[in-house]
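Structure at a glance
Residue strings, one per chain:
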Amino acid sequence: MTYFFYYKIIKFLPLICIKTLPFFLFYGTIYTYNLFLLGGNIMAKEIIAMLLAGGQGSRLYALTQKLAKPAVPFGGKYRIIDFPLSNCVNSGIDTVGVLTQYQPLVLNEYIGNGQPWDLDRLYGGVHVLPPYQQASGSDWYKGTANAIYQNISFIERYDPEYVIILSGDQICKQDYSDFLRFHKEKGAEFSVAVMEVPWEEAPRFGLMVADENDKITEFQEKPKNPKSNLASMGIYIFNWDILKQYLEEDEADPNSENDFGNNIIPNLLRDHRKMYAYHFSGYWKDVGTISSLWEANMEVLDPEHSGINLFDDDWKIYSRNSGMTGHKIGSQAVIENSMITDGCRINGTVKHSILYAGVQVEPGAVVEDAVVMGGTVIKAGAQVSHCIVAENALIGANAVVGAMPSGDEKGVATVGPGVQIGDNAKIGPNAMVRENVKGGEQLC
């Protein structure tokens, strides 16, 4: 009898397991997800990224009136924030907190659920982290360190060993996994990515003074008399326990500016922490000014010499798809050394320029050395040169916008988003256009 009982159990055990397995998988997943939502730590992450993307970008003037700097279009089909997000996923970092503040609407919509960067994860992925009201009250992010401090609870959900702090307003292709390798090998508590800059430009940067072993001995914030030309890239790796300790100490200091450069890094030096400088030799540019943004876009057209290669299949930069049709080149169009993206309709002349999605260039119009952002229409006979034209602008027939450099005229003209330039109007090479310009009007 006993034998027969156990025989029946053994015989039907596989069937029982098969039928009940979906039940346990489903409810096990629900339990795990609910535990995570309630703040439980399921599986610690080795490293997570915190991306500072709340910058106003005031030096970009008309381009950032209604747009956060990390959301500014770049390179034909991208936005600036695509670069750190792509670097993260290419480096094996699958958990990213994006800290937003200024004009976040477009940026939030663009990031969405993180699918374009493979960051739509059940556990981890990308999370937009704006300032929020807590039990003790609410406050804007007061500085870079305070922004991270306000999100300590987010970081602790993943219980990471390391945290990498990134900037959302730079154009850079960097392998963060190599940076982490360096940090581990040095036994560092804090590491910062640095680049050698020309000595004459060094006073513009925060500088790290380091010995022959890359150990940081001093930090200079935009000094008049620099002791080093190792410019901080604003990309840091911290041991999480160290970062948390110094964030809490900084927040308790009523005189602190709550800033990494002005407060956290000097405090680490004061306490003789293990601090190292990681030398980065790839492409890096802070596109915080009109001229630097224009220049970086032009460098995209010359990857062999500029160092930025957006056509590299080994380190792709991912972006959200515009959803537009393919571009169309008319029979009378002339195109030389330019990037033409989705949905463009070209019937005029385009030379050494970048045209973003949905740009139209009518017959007789000439676009040269220009950055023309999505949805802009350039009417017949217009001349658009050495300038940046923002999204959804209209350049009227026979209008002139910008000018090729000659003599003292070397500025980059800028037309803001949605601005209409009337027929036969003339916009000078240094103009910053925020409002509509009437037909025949001149603006220097």
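Note that the coordinates shown come from a computational prediction; the quantities given were computed from them, not determined experimentally. (Residues numbered from 1 in each chain as written. Predicted model: local features only at pLDDT ≥ 70, side-chain atom pairs only at ≥ 80, totals over all residues. Heavy atoms only, no water.)

1. Quick notes on the overall build of the protein
The test is simple: Runs of E in the DSSP output that reach at least two residues are strands. Runs of H or I that reach at least four are helices, and both are numbered from the N terminus. For the exposure calls, accessible area comes from a 1.4 Å probe over protein chains only, and a residue counts as buried if that area is under 20% of its type's maximum, exposed if over 50%, partly exposed in between. We call two residues in contact whenever any of their non-hydrogen atoms come within 4.5 Å of each other. Every accessible area reported is derived by Shrake-Rupley at a probe size of 1.4 Å, with residue values counting cover from the shown protein chains alone.
Counting its secondary structure elements, the protein contains 10 helices and 32 strands. In the protein, which comprises 444 residues, the proportion classed as buried is 50%. Counted over contacts in the protein with a minimum sequence separation of 6, partners at least 24 positions apart contribute 58%. For the protein, the accessible area works out to roughly 21,300 Å², and carbon and sulfur atoms hold 51% of it.

2. Things to note about the confidence of the model for the protein
Heads up, the rule is: Scored between 0 and 100, pLDDT is the confidence that the predictor attaches to each residue.
Per-residue confidence for the protein gives a mean pLDDT of 89, with 88% of residues at or over 70. The low-confidence segment residues 1-10 (pLDDT under 50) makes 0 contacts with residues lying over four places distant or belonging to another chain.

3. Comments concerning the packing of helix α7 (residues 240-251) against helix α8 (residues 260-270)
Cut-off, in case you're wondering: Lines fitted to the C-alpha atoms define the axes, with helices restricted to the stretch that makes contact. Angles between their N-to-C directions range from 0 to 180 degrees. Working rule for handedness: look at the near helix, and if it is turned counterclockwise from the far one by less than a right angle, call the crossing left-handed; if clockwise, right-handed.
Between α7 and α8, the least distance of the axes is 11 Å, while the angle of their chain directions is 115 degrees. In terms of crossing hand, the pair formed by α7 and α8 is right-handed. In this structure, α7 uses I242, L243, Y246, L247, E249 and D250 to contact α8, whose residues at the interface are F260, N263, I264, N267, L268 and R270.

4. A short note on the side chain of T349
By the secondary structure assignment, T349 is in strand β18 (residues 349-351). Assessed through its relative accessible area of 19%, T349 is described here as buried. Among all residues touching T349, those that are not within four sequence positions of it are V334, A365, V366 and V367.

5. Overview of the packing of aromatic side chains
Filter applied, for reference: The rule is short: rings of Phe, Tyr and Trp, with Trp giving its six-membered ring, pair when the centres are within 6.5 Å, and they are stacked under 30 degrees, edge-to-face over 60, tilted in between. Charge-over-ring placement is defined geometrically: NZ (Lys) or CZ (Arg) within 6 Å of the ring centre, and within 35 degrees of the ring normal.
Considering all chains together, one arrives at 13 aromatic pairs under this definition. An angle of 20 degrees between the planes, with centres 4.7 Å apart, marks the rings of F179 and Y278 as stacked. A residue pair is termed long-range when its members are at least 10 positions apart, and F179 in helix α6 (residues 176-186) and Y278 in strand β12 (residues 275-279) qualify at 99 residues. Taken together through their ring pairs, the aromatic side chains of F190, Y236, F238 and F260 make up a single cluster. If you follow R79 out to its NZ or CZ, it ends over the ring of Y110, 5.4 Å from the centre.

6. Some remarks on the sheet that holds strand β30 (residues 426-427)
Condition: Two strands qualify as a pair provided that DSSP identifies no fewer than 2 bridges between them.
If you walk across this open sheet you meet the 7 strands as β15-β18-β21-β24-β27-β30-β32, and the pairing is parallel. Among the strands making up the open sheet, the edge pair consists of β15 (334-336) and β32 (442-443). Bridging between β18 and strand β21 (residues 366-368) involves 3 bridges; their strand directions are parallel. When the bridges of β21 are listed, K351 appears paired with E368.

7. Describing the layout of surface pockets
For clarity, the cut-off: Here a cavity is any set of points on a 1 Å grid over the protein atoms alone where a 1.4 Å probe fits but cannot get out, and a pocket is any open set with protein on both sides within 12 Å along at least 5 of 7 lines; a residue lines the site when it has an atom within 4 Å of a point. Grid points are joined across faces, edges and corners, and a volume is the space filled by probe spheres set on the points. Side-chain classes follow a simple rule in which Ala, Val, Leu, Ile, Met, Phe, Trp, Tyr, Cys and Pro form the nonpolar group, Asp, Glu, Lys and Arg form the charged group, and the remainder, Gly included, forms the polar group.
Estimated volume of the largest pocket: approximately 1,600 Å³. Lining the largest pocket are 49 residues; nearest its centre among them are R59, S167, D169, Q170 and D286. When residues of the lining of the largest pocket are assigned to their parent elements, the largest contribution, 4 residues, is made by strand β11 (residues 230-239). Split by residue class, the lining of the largest pocket holds 17 nonpolar, 19 polar and 13 charged. Taken together, 19 residues line the second largest pocket, and the ones lying closest to its centre are K77, R79, R320, S322 and A357. Class assignment for the residues of the lining of the second largest pocket results in 6 nonpolar, 8 polar and 5 charged.

8. Quick word on the sheet that holds strand β31 (residues 432-433)
If you walk across this open sheet you meet the 6 strands as β16-β19-β22-β25-β28-β31, and the pairing is parallel. Strands at the two margins of the open sheet, each flanked by one partner only, are β16 (339-340) and β31. Bridging between strand β19 (residues 354-355) and strand β22 (residues 371-372) involves 2 bridges; their strand directions are parallel. Paired with L355 across the bridge in β22 is V372.

9. Looking at empty space enclosed by the protein
In the structure shown here, the tally under the stated rule is 1 cavity of 30 Å³ or more. Secondary structure elements with two or more residues in the lining of the largest cavity: α2 (82-90), β6 (162-167) and β7 (170-172). The residue inventory of the lining of the largest cavity, partitioned by class, reads 5 nonpolar, 3 polar and no charged.

10. Regarding unusual backbone geometry
Positive phi, normally seen in glycine, also occurs at Y61, with a value near 50 degrees. Inspection of the secondary structure puts Y61 in the loop between β1 (47-52) and β2 (73-74). When its relative accessible area of 41% is taken as the criterion, Y61 is described as partly exposed.

11. Notes on α8
Spelled out, the test is: The definition of a polar contact used here is a pair of N or O atoms within 3.5 Å, where within protein one atom must be able to donate a hydrogen and the other to accept one, and adjacent residues in sequence count solely through side-chain atom pairs.
Among the 11 residues in α8, 8 count as buried, and that is most of the element. Of all the residues in α8, the buried ones are F260, G261, N263, I264, I265, N267, L268 and L269. For α8, the side-chain oxygen to backbone nitrogen distance between the N-cap and G261 is 2.9 Å, and the N-cap itself is D259.

12. Brief notes about the nonpolar core
Selection rule: What makes a nonpolar core is a set of buried Ala, Val, Leu, Ile, Met, Phe, Trp, Tyr and Cys residues whose side-chain atoms join them at distances within 4.5 Å.
Residues F74, I81, L85, V96, V98, I164 and I388 are the most contacted members of the largest nonpolar core, which totals 71 residues. Counting residues per element, this core draws most heavily on helix α9 (residues 290-300), at 6 residues. Apart from residues lying up to four places away in sequence, L85 is in contact with L51, V96, V98, W117, L119 and V126. Counting residues in each nonpolar core, the second largest holds 36 residues, with A145, I152, I265 and L268 among its members.

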